[in-house]
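A structural walkthrough
These are the residues of each chain, in order.
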Amino acid sequence: MDTNVLRISNTVQWIGVLDKAIRTFDIIMETQYGTTYNSYFINADKKAVVEVVKEQFFQVFEAKLRQVCNPKELAYIFINHTEPDHSGGLKKLLEIAPFATVVASNSAIMNLKEQLNIPFPYIIAQDGYITDLGNKKIATISAPNLHWPDSIYSYLQEDKILFSCDSFGAHFCHESMYNDQVGNYDAAFLYYFDVILKPFSKFFLKAIDKISSLPIDAICTGHGPLLTSNPMEIVKKTKKMCEEYLNNYPKKNRILIAYVSAYGFTKKIAEKLKEGVEKIPNVTVDICDIEKMDFETLGEKIALADAYLLGTPTINQNMLPQLYYAFALMTPLREKGKLAAAFGAYGWSGEAKQCLITNIDNLKLNRYCDSMFIKFAPSQAEVDNIIKFGENFAKAAIISK
Ligand SMILES: Cc1cc2nc3c(=O)[nH]c(=O)nc-3n(C[C@H](O)[C@H](O)[C@H](O)COP(=O)(O)O)c2cc1C
Ligand SMILES: [Fe+2]
Ligand SMILES: [Fe+2]
């Protein structure tokens, strides 16, 4: 069993666990480098733990905790975020730490009540709240929506250590743990940012702004390497990525035409839409038949596009499953307000139209005023209409941003 405990400062030790074997996280993320669930022990007059670990790793965590203290001595448990990869072990920790009070944000406490279903002592820590550990103090820094509404940072003032949970983290497992000893893990860091935090760039910039004036010797994240060497470089890099995402990337006017077609009629509509879209300058079109496309490729195309033309024939009073997949890969967090229109061929009842429209609305996309549905094959007059439709859609996509 892994029994490694690592020093971060005279007062702080890493007591987290390694999960080398994990290959998917939260169902949606590939974790080819494994991950770690980081937890920290603060050996102040009043002893504290920051973050717990995923429940199934509690035994390893408990053994490490017992190496550094008697859990009965714990006065505080800081929970910066209540996703169960961090809070899952809390119920068991409270059983062996009966005198500990949980410190967390208001929404985190609400979540924990529903997760634990037992009474527990807690303090709701607002922005600027100071927890007094006797010889040390911990300031709470409110940092909501990174990546849940509950998230906060905890800052150990005397040691200049920031506990940031998922922020600045990465799914990356390496026994050395210190960021200057694990080798290059940029790919894991960037992927983590892209999937977990990028959609929240606006909030991330606010949080970065709050911490940028603080002296920070180390950032103790919730996953992956311990940022003991040059932590502010990672903060700067993150800031740049958030700014790039918010400023540059939406200006590219990328329109994704994603469709499936059993007999080629919907395909024809798609191609004519493309012709129309291309009449507008400075617009990039990505047209693809998504019938056999894997989730990852489709997910990337969806994330990159600024507007969508989505097409399917009606088959058995429904749209085809590939369009359901496409919608499943969208999130209002990222896609809200992107212009979207529905199209497709049908034979008699045409139910796919309503299926597309309902999903466009549910996902809070900005539904274009019109849609393009054609009975079987488009006639020449209809082809002209489709081209015009594509052109108008592209104009609207530029204006809508
Ligand atoms: C198995 C099957 C089921 C169909 N079910 C419907 C239906 O419920 N309602 C409808 O309007 N059209 C239905 N159609 C007709 C198709 O929507 C129509 O042929 C359409 O033009 C096909 O477009 P595509 O060439 O892009 O596949 C069905 C077609 C097939 C092959
Ligand atoms: Fe999380
Ligand atoms: Fe996490």
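Cut-off values and rules
Residues numbered from 1 in each chain as written. Chains lettered and ligands numbered in written order. Predicted model: local features only at pLDDT ≥ 70, side-chain atom pairs only at ≥ 80, totals over all residues. Buried ≥ 20, exposed ≤ 12 C-beta atoms within 10 Å, placed from the backbone. Helix = DSSP H or I, 4+ residues; strand = E, 2+ residues; numbered from the N terminus. Pairing = 2+ DSSP bridges. Right-handed = clockwise from strand over helix to strand, strands pointing away. Domains from an automatic or database assignment. Near = placed C-beta within 6 Å. Nonpolar A, V, L, I, M, F, W, Y, C, P; charged D, E, K, R; others polar.

**Considering the pairing of strand 9 (residues 74-78)**
Most of strand 9 is tucked away, with 5 of its 5 residues classed as buried. Pairing geometry for strand 8 (residues 47-50) and strand 9, over 4 bridges, is parallel. Looking at the pairing, Lys47 lines up with Leu74 of strand 9. Note that the unit made of strand 8, helix 1 (residues 58-68) and strand 9 has a crossover that is right-handed. Bridge count for strand 9 against strand 10 (residues 101-104) is 3 bridges, and the pairing is parallel. The residue of strand 10 that forms the bridge with Ile77 is Val102.

**What to know about the domain arrangement of the protein**
For the protein, the assigned domains are domain 1 (6-247) and domain 2 (253-399). For domain 1 and domain 2, the distance between their C-alpha centres works out to 41 Å.

**Notes on the site of ligand 1**
Taken together, 18 residues are adjacent to ligand 1, and Ala262, Tyr263, Thr266, Pro313 and Gly347 come closest. Going through the elements one at a time, helix 8 (265-277) and strand 20 (339-346) are the ones with two or more residues in the shell around ligand 1. Here the shell around ligand 1 is composed, by residue class, of 9 nonpolar, 9 polar and no charged.

**Comments concerning unusual backbone geometry**
That bond from Leu146 to His147 is cis: its omega, 5°, falls within 30 degrees of zero. Note that His147 resides in the loop between strand 13 (137-142) and strand 14 (152-156). If you check the backbone angles, Asn282 has positive phi at about 65° while not being a glycine. Considering the arrangement of structural elements, one finds Asn282 in the loop between helix 8 and strand 18 (284-289). Although it is not a glycine, Gln317 sits at a positive phi angle of roughly 60°. Judged by the 13 C-beta atoms lying within 10 Å of it, Gln317 is partly exposed.

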